[in-house]
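Summary of the model geometry
If you want the building blocks of each chain, they are given just below.
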Amino acid sequence: MFVTQKPFFFFRQKSLCGALLVSMCAILVSCSRPVYYEETGSVFNTYYRIKYSCDRMLTAEIDAELQAFNLSLNPFNPNSILAKVNRNEDVEVDDWFATVFNKAKDVSAHSGGYFDATAAPLINVWGFGFERKDSVSQQVIDSLRVFVGYDGIRLDHRRVVKDDQRTMLNFSAIAKGYACDVIAMMLERQGVENYLIDIGGEIAAKGVNPNGDCWRVGITTPEEGIGMTDNDLSGIVRLCGKQCLATSGNYRNYYVKDGKKYAHTINPLTGYPSEQDILSATIVAPDCITADAYATAFMAMGSEKAIRMAAEIPDIEYFIICDKGDGSFDMRYSDGMKSKLLR
């Protein structure tokens, strides 16, 4: 079972998953189950884990795809297309960039602007954990909001056009999900029917796990002092067929105001921390780019607005964990998600 929480490792290893018979028996007896491989490593300043069944390891193919994706959408790579767009260089974007750009625009429209890939300046001014919250003034927020807004940026013949050259794009809330989709498409081109791709907690799954069952993904409870055991999970989701899952939430990294817990999320519409009740939002969708984007939108919107929005988008299911205001949690989920939950 995979858990939607980032483990503390940034290394690369390749291993054959599951216990195998001794080599002589493997030669004489055909396997009744496919062979599963697992590959782990780091990308986009986070981890990845890919488990798949195949007649050979696909290390080179996975590496090549991630390296190409890195040159398109990695905000930490100064040579990426995204970095060049943010520096206002004359660069033609590729298909991956265009797909993410258009999806971000679509989710921004559906969420009423609560999801906005141009909100990076607002996020940066508050600092990680809002440690600068006492020094951020309304004047500073207003000066940044002049060039923050997805309506002020568009694609025209493979080039990004900005109304204000100070506008910057940050696809951190959507690119990891799309990277899962990209790797999934590559694996399927290689004939892989069973896989689970986990990039920084965003997941794309298809087929069955090594036990021949649907893949299972745990949702961590957003509470201090918990670990990674089944007792620390708010739910376990079964992903059958081909499905994707993304979770947005800071788990243990929340702040407390007037006795209530809030996740560290900026509301792009106000420029201020979003004091909403959702501490964790998990979305299941046909593709991971959609799941990733709407999980982020849920966090900024709060439960009531998010649930109303979800009712208008038939392809997504949700599982949200909310703070009730008295130190306890409330879990709410869609009817479609209920059928996927083991507990």
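Residues numbered from 1 in each chain as written. Predicted model: local features only at pLDDT ≥ 70, side-chain atom pairs only at ≥ 80, totals over all residues. Heavy atoms only, no water.

1. Quick notes on the overall build of the chain
Heads up, the rule is: A run of H or I in DSSP counts as a helix once it spans at least four residues, and a run of E counts as a strand once it spans at least two, with each numbered from the N terminus. Here, residues are in contact when the closest pair of their heavy atoms is within 4.5 Å. Under the convention used here, a 1.4 Å probe and the Shrake-Rupley method define accessible areas, while residue burial counts only the protein chains that appear.
In terms of helices and strands, the chain carries 10 helices and 16 strands. Within the chain, counting contacts between residues at least 6 apart in sequence, those at least 24 apart form 63% of the total. In the form shown here, the chain has an accessible surface area of approximately 15,900 Å², with 50% of it arising from carbon and sulfur atoms.

2. Notes on the pairing of strand S11 (residues 242–249)
Selection criterion: Burial here depends on accessible area, computed with a 1.4 Å probe over protein chains only, as a share of the maximum for the residue type. Under 20% is buried, over 50% is exposed, and the range in between is partly exposed. Paired strands, as defined in this entry, are two strands with at least two bridges between them according to DSSP.
Taking burial as the measure, the 8 residues of S11 include 7 buried ones, the bulk of the element. Relative to S11, strand S8 (residues 202–206) is paired through 4 bridges, and the arrangement is antiparallel. What sits directly across from Ile203, in S11, is Leu245. As judged from the 6 bridges shared by S11 and strand S14 (residues 278–285), these two strands associate in the antiparallel manner. The partner of Thr247 across the bridge, within S14, is Thr282.

3. Points about the state of the cysteines
Using the following cut-off: Only a pair of cysteine sulfur atoms within 2.5 Å counts as a disulfide in this structure description.
Inspection of every chain in the model, using the stated rule, returns 1 disulfide. A disulfide bridge connects Cys214 with Cys240, and the sulfur atoms are separated by 2.1 Å. One disulfide, between Cys214 and Cys240, carries an S-S torsion of 115° and so falls in the right-handed class. A residue pair is termed long-range when its members are at least 10 positions apart, and Cys214 in the loop between S8 and strand S9 (215–220) and Cys240 in the loop between strand S10 (233–239) and S11 qualify at 26 residues. For Cys214, a relative accessible area of 13% puts it in the buried group. Between Cys180, a cysteine without a disulfide, and Cys288, which holds the nearest cysteine sulfur, the sulfur-to-sulfur distance is 4.2 Å.

4. Topic: the confidence of the model for the chain
We count it as follows: One number per residue, pLDDT, summarises how confident the predictor is, and it ranges from 0 to 100.
In this model, the chain carries a mean pLDDT of 84, and residues with pLDDT of at least 70 account for 81%. Low pLDDT (under 50) marks residues 5–32, which in the prediction has 42 contacts with non-local residues, meaning those over four places away or in another chain. Contacts of residues 225–230 to residues separated by more than four positions or lying in other chains number 11 contacts, the stretch itself having pLDDT below 50.

5. Details of the packing of aromatic side chains
Threshold: Pairs were defined over the aromatic rings of Phe, Tyr and Trp, the Trp ring being its six-membered one, requiring ring centres within 6.5 Å. Orientation was assigned from the angle between planes: stacked under 30 degrees, edge-to-face over 60, tilted for the rest.
Taken as a whole and assessed by the stated rule, the structure comprises 11 aromatic pairs. Between the aromatic rings of Phe298 and Tyr318, the centroid separation amounts to 5.8 Å while the plane-to-plane angle is 45°, which identifies the pairing as tilted. Here the residue Phe298 occupies a position in helix H8 (residues 288–301), and Tyr318 occupies one in strand S15 (residues 317–323), the gap between them amounting to 20 residues. For the pair Phe298 and Tyr318, one class covers both residues: buried. A centroid spacing of 5.8 Å and a plane angle of 10° characterise the contact between Phe319 and Tyr333, whose relative ring orientation is stacked. With a gap of 14 residues between them, Phe319 in strand S15 and Tyr333 in strand S16 (residues 329–333) connect regions that are remote in the sequence. For Phe319, a relative accessible area of 2% puts it in the buried group. Judged by its relative accessible area of 35%, Tyr333 falls in the partly exposed class.

6. A look at the packing of helix H2 (residues 59–73) against helix H4 (residues 95–110)
Helix-helix packing is characterised by the crossing angle of the two axes and by the distance between the axes. For the record, the criterion: Axis definition: a line fit to C-alpha positions, over the contact stretch in the case of helices; interaxial angles, taken between N-to-C directions, run 0 to 180 degrees. The scheme is simple: roughly parallel for angles under 35 degrees, roughly antiparallel for over 145, roughly perpendicular for 65 to 115, oblique for anything else. Crossing handedness is defined as follows: a turn of the near helix away from the far one that is anticlockwise and smaller than a right angle gives a left-handed crossing, while the clockwise case is right-handed. Under the grouping applied here, Gly and all other residues not named as nonpolar or charged are polar, the nonpolar ones being Ala, Val, Leu, Ile, Met, Phe, Trp, Tyr, Cys and Pro and the charged ones Asp, Glu, Lys and Arg.
For the pair H2 and H4, the least separation of the axes is 9 Å and the interaxial angle reads 60°. With respect to H4, the axis of H2 lies oblique. Considering how the two elements wind past one another, H2 and H4 form a crossing that is right-handed. Residues Glu65, Ala68, Phe69, Ser72 and Leu73 of H2 lie in contact with H4, whose contacting residues are Trp96, Phe97 and Val100. In terms of residue class, the contact of H2 with H4 is built from 6 nonpolar, 1 polar and 1 charged.

7. A short note on the environment of Arg49
Following the sequence through the fold, Arg49 ends up in strand S4 (residues 46–53). Arg49 sits in the buried class, given a relative accessible area of 17%. Placed 147 residues apart in sequence, Arg49 and Leu196 show a C-alpha to C-alpha distance of 8.1 Å.

8. What to know about helix H9 (residues 303–310)
The periodicity of an α-helix, 3.6 residues per turn, causes residues three or four places apart in sequence to face the same way. How we decide: The directions considered for the arc run from the helix axis to the C-beta atoms.
Listing the buried residues of H9 in full gives Ser303, Ala306, Ile307, Met309 and Ala310. End-on, the buried residues of H9 take up no more than an arc of 160°, which puts them together on one face. Tucked into the core, H9 has its buried residues touching H4, S14, H8, S15 and S16.

9. Let's talk about the packing of H4 against H8
Contact geometry of H4 with H8 gives a least axis separation of 10 Å together with a crossing angle of 40°. Relative to H8, the element H4 is oriented oblique. Judged by the sense of rotation from one axis to the other, the crossing of H4 with H8 is right-handed. Along its contact with H4, which presents Thr99, Val100, Lys103, Asp106, Val107 and His110, the element H8 presents Ile289, Thr290, Ala293, Tyr294 and Ala297.

10. Re the pattern of salt bridges
Defined as follows: What counts as a salt bridge is simple: a side-chain nitrogen of Lys or Arg found within 4 Å of a carboxyl oxygen of Asp or Glu.
Applying the stated criterion across every chain yields a total of 17 salt bridges. Arg56 is the salt-bridge partner of Glu61, the closest N and O atoms lying 3.2 Å from each other. For Glu61, a relative accessible area of 22% gives the class partly exposed. With a shortest N-O distance of 3.2 Å, Asp213 and Arg238 are connected by a salt bridge. Here Asp213 is found in the loop between S8 and S9, whereas its partner Arg238 is found in strand S10, with 25 residues between them in sequence.

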